[in-house]
Amino acid sequence: MGLSTPLIHQTVSPLYLLAAFLLSTVVYFLVKSKRAGLDHIRGPWLAKYSNIWRGYQAWRINHHTEGVNNYQIEMIGRWGDVVRIGPTHVLVYNPEAIDTIYGFRERLDKGPGYKVFLMTGTDQTALVSIKDEKTHGIFRRPLAHAYSLSSLKGYEPYIDEMIEKLILELDKHDAAQSPINMTRWLQFWAFDVMSKISFGEPIGFLDHGNDFNGMIQAQRENFRYISVANNFLFLDTLTKRNPLLKLFKKKPSMFFTFAKRVVNERLAKAAKDPEAQSQSGRHDDLLASFIAARKSYPLMTDIRITHVTATNVLAGANNSARAMDSAINWLTAHPEAQDRLYNEIKSVNMEAMKEAKTEGPAALELALKMPYLDAVIQESYRQFGAPANNLERLVGESGLTLPNGVHLPPGTVVCMNAASMSMLPDVFGKDVRVFNPDRWMQQSGESAEDFHERRWSMQRAMIVFGHGSRSCIGKNIVQLELYKLWATLLRIYKFEPAGVKVHQVMTIPKRREQKGGKAVEI
Ligand code: HEM
């Protein structure tokens with residue numbers, strides 16, 4: 001009696017506990033990897049067992065190189081064209097597989113990585129992160145008309161107004177022969193123009209001449225966050241989705257305050273006088289179209305309208321600005337290409353401009369008649385390296401067989417990366433890393449048929465805007481912006497390098513003609 005059993009008093013050494021924990025973790029990763037059924041696919045060894053590999057790659061490249069933020073570009077050809085980049089994740093580089101993965105036949109659901117696009121603090125799902133095709137269709141239908149080709153004409157005056165504002169700034173620098181940071185000003189332009197088309201009002205960057213509300217910087221950080229967190233979903237759960245963090249929530253951003261104000265004002269007006277809304281001429285912005293869509297689609301609630309209108313600016317402006325930046329960066333270093341564009345624009349555009357007695361923005365139908373301008377724009381899409389995430393899809397119950405015969409079992413997350421698909425040397429040529437618009441033009445000695453086929457294969461492989469039913473809804477709008485902007489600016493100015501060494505594009509704009517139309521010697 002009174003004697004205790006040795007077992008009760010014996011304590012387990014912390015070392016044993018640690019060893020048991022490590023062992024069970026290793027077993028967990030091994031079993032998870034085995035269960036995925038992807039051992040027939042090559043890839044870095046760590047990726048076979050853990051997502052840490054791709055999360056780290058995304059972080060590393062994000063933080064060390066500014067221009068290209070996709071680690072997948074570095075992997076082209078190293079492991080073949082189907083690579084295991086995580087225990088359940090497979091990255092495909094074969095353009096022939098685009099239709100299989102993103103096409104209408106399989107209609108695969110979106111993969112788990114899209115969770116990072118869910119809006120924090122609302123129950124509203126962004127269109128881009130809706131998992132299944134059926135729900136997506138229901139939510140996309142009320143919006144589609146506003147982004148269609150037939151609606152584009154209505155947005156031209158909004159874009160023109162913003163181009164005129166940019167011209168005012170460029171003229172100041174022309175007069176003073178002082179450098180302008182075009183990277184920054186194109187960002188200001190892209191955000192203001194997207195806001196103008198969406199809300200009927202710019203945010204005000206072109207007026208302030210700086211990132212006055214911190215929105216551009218916040219977006220930049222958000223894209224960096226997405227590129228890492230979509231590989232490491234637990235990070236997202238711990239940070240953005242963590243209910244505890246709501247306790248420390250900062251007040252809403254200035255942009256959301258702006259968005260809410262405009263939407264509330266417009267909704268109030270529409271409620272007072274529904275007819276006025278459609279007769280006021282303001283129907284041409286996206287917000288008005290969304291408000292009008294409420295008649296037929298009750299799911300367009302007030303909060304949803306605010307959300308989809310704001311998402312346009314968040315989804316669209318940053319990427320468009322980066323494509324523009326890639327173009328101006330190259331153009332500034334290539335005066336001969338600017339001259340070539342100037343001559344092309346002049347040959348198509350000048351007469352029409354003279355008739356209109358304006359030197360203002362180019363009309364879309366004229367801007368579309370310029371093959372070299374089109375080549376520069378295509379090349380800018382190819383080169384800018386977005387979007388930040390892999391376009392993940394979830395393989396359904398029957399599995400998926402890729403065109404090269406590789407079979408992916410159910411539950412595999414199969415994806416392509418738009419930036420690396422644009423860098424495939426077999427499709428785009430050996431000089432893929434170089435900005436070369438001529439690749440989009442017919443080469444001397446190339447038959448029309450060969451050119452057609454080569455260009456088609458480049459267009460097919462370029463999934464910068466995605467592919468299939470989930471592709472970018474705003475693509476027509478970006479095209480409209482870019483054609484009009486470049487056809488106008490490159491007609492008026494020649495952009496010379498400012499000789500200032502910074503990471504961004506510094507250039508001195510010089511007018512080719514004085515305002516009255518008199519040619520200036522450059
Ligand atoms: C150069 C500029 C742009 C690029 C490269 C781009 C790229 C993309 C990509 C790759 C997707 C998703 C595809 C996927 O998940 O499979 C997407 C979706 C989307 N984009 Fe864009 N985008 C651009 C500009 C815009 C603009 C200007 C808007 C708004 C006017 C916009 C609105 C959207 C929306 C709402 C979605 C979700 C569509 C859906 O899921 O149905 N984007 N974009």
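- The name recorded for the protein in an unreviewed UniProt entry is Pisatin demethylase, from Cladophialophora chaetospira.
- Under the UniProt heading Cofactor (unreviewed entry), the entry covering the protein gives this text: "heme".

1. Things to note about the packing of helix α13 (residues 254-272) against helix α16 (residues 302-333)
Phase 1: In contact at an axis separation of 10 Å, α13 and α16 are set at 130 degrees when each is read in the N-to-C sense. Comparing their axes, α16 and α13 come out oblique. Note on packing geometry: the crossing formed by α13 with α16 is right-handed. Contacts between α13 and α16 involve Phe256, Ala259, Lys260, Val263 and Leu267 from the former and Asp302, Ile305, Thr306, Thr309 and Ala310 from the latter.
Phase 2: Residues that form the contact of α13 with α16 fall into these classes: six nonpolar, two polar and two charged.

2. So, the confidence of the model for the protein
Phase 1: Considering every residue of the protein, the mean pLDDT works out to 86; 88% of them sit at 70 or more.
Phase 2: The least confident element of the protein, judged by mean pLDDT, is helix α1 (residues 6-9) at 55; the most confident is strand β7 (residues 407-408) at 98.

3. What to know about the site of the ligand
Phase 1: In the vicinity of the ligand, 25 residues are found, and the nearest of them are Gly316, Asn319, Gly466, Cys472 and Gly474.
Phase 2: When contributions to the shell around the ligand are tallied by element, the ones reaching two or more residues are α16 and α23 (475-492).
Phase 3: Here the shell around the ligand gets seven residues from one element, more than from any other, and that element is α16.
Phase 4: For the shell around the ligand, the residue count by class is 15 nonpolar, eight polar and two charged.

4. What about the sheet that holds strand β5 (residues 391-394)?
Phase 1: Within the open sheet, the five strands sit side by side as β1-β2-β8-β5-β3. Their pairing is mixed. The sheet is open, and its two edges are formed by β1 (82-84) and β3 (109-110), each paired on a single side.
Phase 2: Sheet topology note: the β1/strand β2 (residues 89-92) ladder contains three bridges and is antiparallel. Following the sheet pairing, valine 83 is matched in β2 by leucine 91.

5. A word on the packing of helix α8 (residues 149-176) against helix α9 (residues 182-199)
Phase 1: Interaxial distance between α8 and α9 falls to 9 Å at its minimum, and their mutual angle equals 155 degrees. Classified by the angle their axes make, α8 and α9 are roughly antiparallel. At the point where α8 passes α9, the crossing takes the right-handed sense. Together, Tyr155, Tyr158, Ile159, Glu161, Met162, Leu166 and Glu169 of α8 and Trp185, Trp189, Asp192, Val193, Lys196 and Ile197 of α9 make up the contact between the two elements.
Phase 2: Across the contact of α8 with α9, the residue classes tally to nine nonpolar, no polar and four charged.

6. Concerning the UniProt feature "transmembrane region" (unreviewed entry) in the protein
Phase 1: According to UniProt, the positions carrying the feature "transmembrane region" (unreviewed entry) are residues 12-31.
Phase 2: For the annotated span residues 12-31, helix accounts for 90% and strand for 0% of the residues, and the straight-line distance between the end C-alpha atoms is 27 Å.

7. What about the sheet that holds strand β9 (residues 493-497)?
Phase 1: With respect to topology, three strands assemble into an open sheet ordered β4-β10-β9, the strand pairing being antiparallel. Looking along the sheet, the strands with just one partner apiece sit at the ends: β4 (180-181) and β9.
Phase 2: Sheet topology places β9 next to strand β10 (residues 506-511); five bridges connect them, and they run antiparallel. Paired with phenylalanine 495 across the two strands is proline 509, which belongs to β10.
Phase 3: Across the sheet, α8 touches β4, β9 and β10, and the angle it forms with β10 is around 90 degrees.

8. Observations regarding the nonpolar core
Phase 1: Membership of the largest hydrophobic core comes to 110 residues, with the highest contact counts inside it found for Val90, Phe191, Leu373 and Trp486.
Phase 2: Looking at which element gives the most residues to this core, the answer is α16, with 13 residues.
Phase 3: Contacts of phenylalanine 191, omitting those with residues within four sequence positions, involve Ile203, Phe205, Met215, Ile216, Val313 and Ala317.
Phase 4: In this structure, Ala58, Tyr71, Val228 and Ala229 belong to the second largest nonpolar core, which totals seven residues.

9. What about the UniProt feature "binding site: heme" (unreviewed entry) in the protein?
Phase 1: As annotated by UniProt and renumbered to match this structure, "binding site: heme" (unreviewed entry) occupies Cys472.
Phase 2: Since 19 C-beta atoms lie within 10 Å of it, cysteine 472 is described here as partly exposed.
Phase 3: The residues contacting cysteine 472, other than those within four sequence positions of it, are Phe465 and Gly466.

10. A short note on the environment of threonine 412
Phase 1: For threonine 412, the location among the structural elements is in the loop between β7 and β8 (413-416).
Phase 2: Setting aside chain neighbours within four positions, we find threonine 412 in contact with Ala36, Leu38, Thr88, Val90 and Val395.

11. Describing α8
Phase 1: For α8, spanning 28 residues, the distance from its first C-alpha to its last is 40 Å, which sits close to the expected 40 Å at 1.5 Å a residue.
Phase 2: Of all the bends in α8, the greatest, near 40 degrees, is centred on tyrosine 155, and the proline proline 157 appears no more than four residues after it.
Phase 3: All buried positions along α8 are accounted for by Tyr155, Tyr158, Ile159, Met162, Ile163, Leu166, Leu170 and His173.
Phase 4: Where α8 is buried, its residues contact β4, α9, α10 (205-208), α23, β9 and β10.
Phase 5: Positioned one or two residues after α8, glutamine 177 has a phi angle of 50 degrees, which is positive.

How each quantity is defined
Residues numbered from 1 in each chain as written. Predicted model: local features only at pLDDT ≥ 70, side-chain atom pairs only at ≥ 80, totals over all residues. UniProt positions renumbered as here; feature names shortened; annotations may be inferred. Axes fitted to C-alpha atoms, helices over the stretch in contact; angles between N-to-C directions. Helix = DSSP H or I, 4+ residues; strand = E, 2+ residues; numbered from the N terminus. Parallel < 35°, antiparallel > 145°, perpendicular 65-115°, else oblique. Left-handed = near helix turned anticlockwise from the far one by under 90°. Contact = placed C-beta atoms within 7 Å. Nonpolar A, V, L, I, M, F, W, Y, C, P; charged D, E, K, R; others polar. pLDDT = per-residue confidence, 0-100. Near = placed C-beta within 6 Å. Pairing = 2+ DSSP bridges. Core = buried A, V, L, I, M, F, W, Y, C linked by C-beta atoms within 7 Å. Buried ≥ 20, exposed ≤ 12 C-beta atoms within 10 Å, placed from the backbone. Expected span 1.5 Å × (residues − 1). Bend = angle between axes of the 7 residues up to and from the residue.

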